[in-house]
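The lines below spell out each chain.
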Amino acid sequence: LFLTLVQHERLHVKHRGHEAMHAEMVLILIATLVVAQIVLVQWKQRHNRSYNLVTLLQMWVVPLYFTIKLYWWRFLSMWGMFSVITSYVVFRATRKPLSCRTPRMVYKWFLLIYKLSYAVGVIGYLVIMFTMFGFNVFFRIKAEDSMDVGVIMLFYGLYYGVMGRDFAEICSDYMASTIGYYNMGGMPSRSLTDDICAVCGQKILVDVDEEGIIEDTYQLSCNHIFHEFCIRGWCIVGKKQTCPYCNEKVDLKRMMNNPWERTHVLYGQLLDWLRYLVAWQPIIIGIVHGINFTLGLE
């Protein structure tokens, strides 16, 4: 306690008389955050594709830098495994001609990542709440240990959830454009028959009013029909809010069979918000440090 008080007093002595400089540094931070937010919003609105690609690249690279610098080998091994498998999936999704099995493989992989990240994130959050309410004492677990586990699981869930959704969106665009029933810029290049799914290009075997063994057939408000897993992957995992064929707006509420599924949509919206925090926050903080260093502020 005495040593802590001495260190605290030394800190006060060191920073005494620097109140004006500290206020200037706070103003620089606020101004930089505001300007960065305006620039990013304008960039996203005007050039959404380039914004998403650059953000995804930073999401992929920035954690790698800190991982190597801080020797987080567990995260590095999982990052490497995720990168290898996802790179293969993206490679398959961007090939022309597109294999008939590729769309299903792509959506299954990213749906798996999405569900795993959701489960890991929820468990991490529950562990944090478990620790904050002191339940760890009943199991003789140190608060530091249980909190570390919760924070790590929450970070893993959110990070890989964001990465999976971003890669899924890229694959969705490439695959749907290659199949020809979807065009980002306008009209599709192929005519869609009543028994073909516009997401995967495969035949629909189950009628809309029938109950399938593995999956049902889903019909949008525009009357176009799709495999249930395909349209759910397209809308929820791939972040598409329009019909893959005619670009009509999709009502996600109609796709939710039960209230619990709505949490997946809310989780997806949370991941979209966290993308800014993970990808751009380190860059903004680095710019602030650069400005402070240039002005001689410590």
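Rules used in this analysis
Residues numbered from 1 in each chain as written. Predicted model: local features only at pLDDT ≥ 70, side-chain atom pairs only at ≥ 80, totals over all residues. Heavy atoms only, no water. Helix = DSSP H or I, 4+ residues; strand = E, 2+ residues; numbered from the N terminus. Buried < 20%, exposed > 50% of the residue type's maximum accessible area, 1.4 Å probe, protein only. Contact = heavy atoms within 4.5 Å. Areas by Shrake-Rupley, 256 points an atom, 1.4 Å probe, with all protein chains shown as cover. Salt bridge = Lys/Arg side-chain N within 4 Å of Asp/Glu carboxyl O. Phe/Tyr/Trp six-rings, centres within 6.5 Å; stacked < 30°, edge-to-face > 60°. Core = buried A, V, L, I, M, F, W, Y, C linked by side-chain atoms within 4.5 Å. Patch = residues over 30% accessible without salt bridge, like charges linked within 9 Å, V, L, I, M, F, W, Y side chains within 5 Å. Axes fitted to C-alpha atoms, helices over the stretch in contact; angles between N-to-C directions. Parallel < 35°, antiparallel > 145°, perpendicular 65-115°, else oblique. Left-handed = near helix turned anticlockwise from the far one by under 90°. Nonpolar A, V, L, I, M, F, W, Y, C, P; charged D, E, K, R; others polar. Expected span 1.5 Å × (residues − 1). Arc of directions from axis to C-beta. UniProt positions renumbered as here; feature names shortened; annotations may be inferred. 1 Å grid on protein atoms, 1.4 Å probe; cavity = no way out; pocket = protein on both sides within 12 Å on 5 of 7 lines; lining within 4 Å. Points joined across faces, edges and corners; volume = space filled by probe spheres on them.

1. Topic: the overall build of the protein chain
Per the secondary structure count, the protein chain includes nine helices and two strands. Going from N to C terminus, the protein chain has its helices and strands arranged as α-α-α-α-α-α-β-β-α-α-α. Burial status across the protein chain gives 38% buried among its 298 residues. The contacts of the protein chain with a sequence gap of at least 6 include a subset with a gap of at least 24, amounting to 62%. Carbon and sulfur atoms provide 66% of the accessible area of the protein chain, an area that totals close to 18500 Å².

2. Details of the pattern of salt bridges
Considering all chains together, one arrives at one salt bridge under this definition. Asp195 is the partner of Lys203 in a salt bridge, and the nearest nitrogen-oxygen pair spans 3.8 Å.

3. Considerations on the packing of aromatic side chains
Under the definition given, this model contains 18 aromatic pairs. Ring centres of Phe75 and Phe155 lie 5.7 Å apart, and the angle between their planes is 45 degrees; this geometry places the pair in the tilted category. With a gap of 80 residues between them, Phe75 in helix H4 (residues 73-93) and Phe155 in helix H6 (residues 143-179) connect regions that are remote in the sequence. What links up through ring pairs into an aromatic cluster is the set Trp60, Phe75, Trp79, Phe82, Phe155, Tyr156, Tyr159, Tyr160 and Phe167.

4. Quick look at the nonpolar core
Burial of nonpolar side chains together is a common tendency in soluble globular proteins. Formed by 47 residues in total, the largest nonpolar core has its most connected members in Phe110, Leu220 and Phe226. Sorting elements by how many residues they give to this core places H6 first, with 10 residues.

5. Points about a nonpolar patch on the surface
The grouping of Met132, Phe133, Phe135, Phe138, Phe139 and Ile141 at the surface amounts to a nonpolar patch, some 740 Å² of accessible area in total. For Phe133, a relative accessible area of 61% corresponds to the exposed category.

6. A word on the packing of helix H3 (residues 48-70) against H4
Contact pair H3 / H4: the axes reach a minimum separation of 10 Å and the direction vectors enclose 150 degrees. Relative to H4, H3 is oriented roughly antiparallel. For H3 against H4, the interelement crossing comes out left-handed. Across the interface between the two elements, Trp60, Pro63, Leu64 and Thr67 of H3 pack against Phe75, Leu76, Trp79, Ser83 and Ser87 of H4. Here the contact of H3 with H4 is composed, by residue class, of six nonpolar, three polar and no charged.

7. Focus: H4
The terminal C-alpha atoms of H4 lie 30 Å apart, and with 21 residues this matches the ideal 30 Å at 1.5 Å per residue to within 8%. Within H4, the full set of buried residues consists of Phe75, Trp79, Phe82, Ser83, Thr86, Val89, Val90 and Ala93. Along the long axis of H4, the arc covered by the buried residues comes to 140 degrees, so they all point the same way. H4 presents Trp73, Met81 and Val84 as exposed residues on the side facing more than 90 degrees away from its buried surface.

8. What about the UniProt feature "transmembrane region" (unreviewed entry) in the protein chain?
With numbering matched to this structure, UniProt assigns "transmembrane region" (unreviewed entry) to residues 20-43, 50-66, 72-91 and 112-139. The straight-line gap between the two end C-alpha atoms of residues 20-43 is 34 Å; of that span, 100% is helix and 0% is strand. The annotated region residues 72-91 carries 95% helix and 0% strand content, and the separation between its end C-alpha atoms amounts to 28 Å.

9. Remarks on the environment of Ile291
Within the fold, Ile291 resides in helix H9 (residues 281-294). Taking C-alpha positions, Ile291 is 9.4 Å from Leu29, a pair spaced 262 residues apart along the chain. Those residues in contact with Ile291 that lie beyond four places of it in its chain are Ile28 and Thr32.

10. A short note on H3
In an α-helix there are 3.6 residues to a turn, and that puts residues three or four apart on one side. Counted at 1.5 Å a residue, the expected span for H3 with its 23 residues is 33 Å, and the 33 Å between its end C-alpha atoms agrees. Restricting attention to buried positions, one finds in H3 the residues Tyr51, Asn52, Thr55, Leu56, Gln58, Met59, Val62, Pro63 and Thr67. Following H3 by one or two positions, Tyr71 has its phi on the positive side, about 60 degrees.

11. Some thoughts on the environment of Cys171
Position of Cys171 among the secondary structure elements: in helix H6. Taking C-alpha positions, Cys171 is 8.7 Å from Pro103, a pair spaced 68 residues apart along the chain. What Cys171 contacts, discounting residues up to four positions off in sequence, is Val90, Ala93, Val106 and Phe110.

12. A short note on the side chain of Gln58
Inspection of the secondary structure assignment puts Gln58 in helix H3. Once residues within four sequence positions are removed from consideration, Gln58 is found in contact with Pro63, Ala279, Trp280 and Ile283.

13. A closer look at empty space enclosed by the protein
Evaluation of the coordinates by the stated rule reveals two cavities of 30 Å³ or more. Reported here for the second largest cavity is a volume of approximately 30 Å³. Considering the residues around the second largest cavity, the lining is formed by Asn52, Leu56, Asp166, Glu169 and Ile170. If you list the elements that add at least two residues to the lining of the second largest cavity, you get H3 and H6. Counting residues per element, the lining of the second largest cavity draws most heavily on H6, which supplies three residues. For the lining of the second largest cavity, the class distribution of residues is two nonpolar, one polar and two charged.

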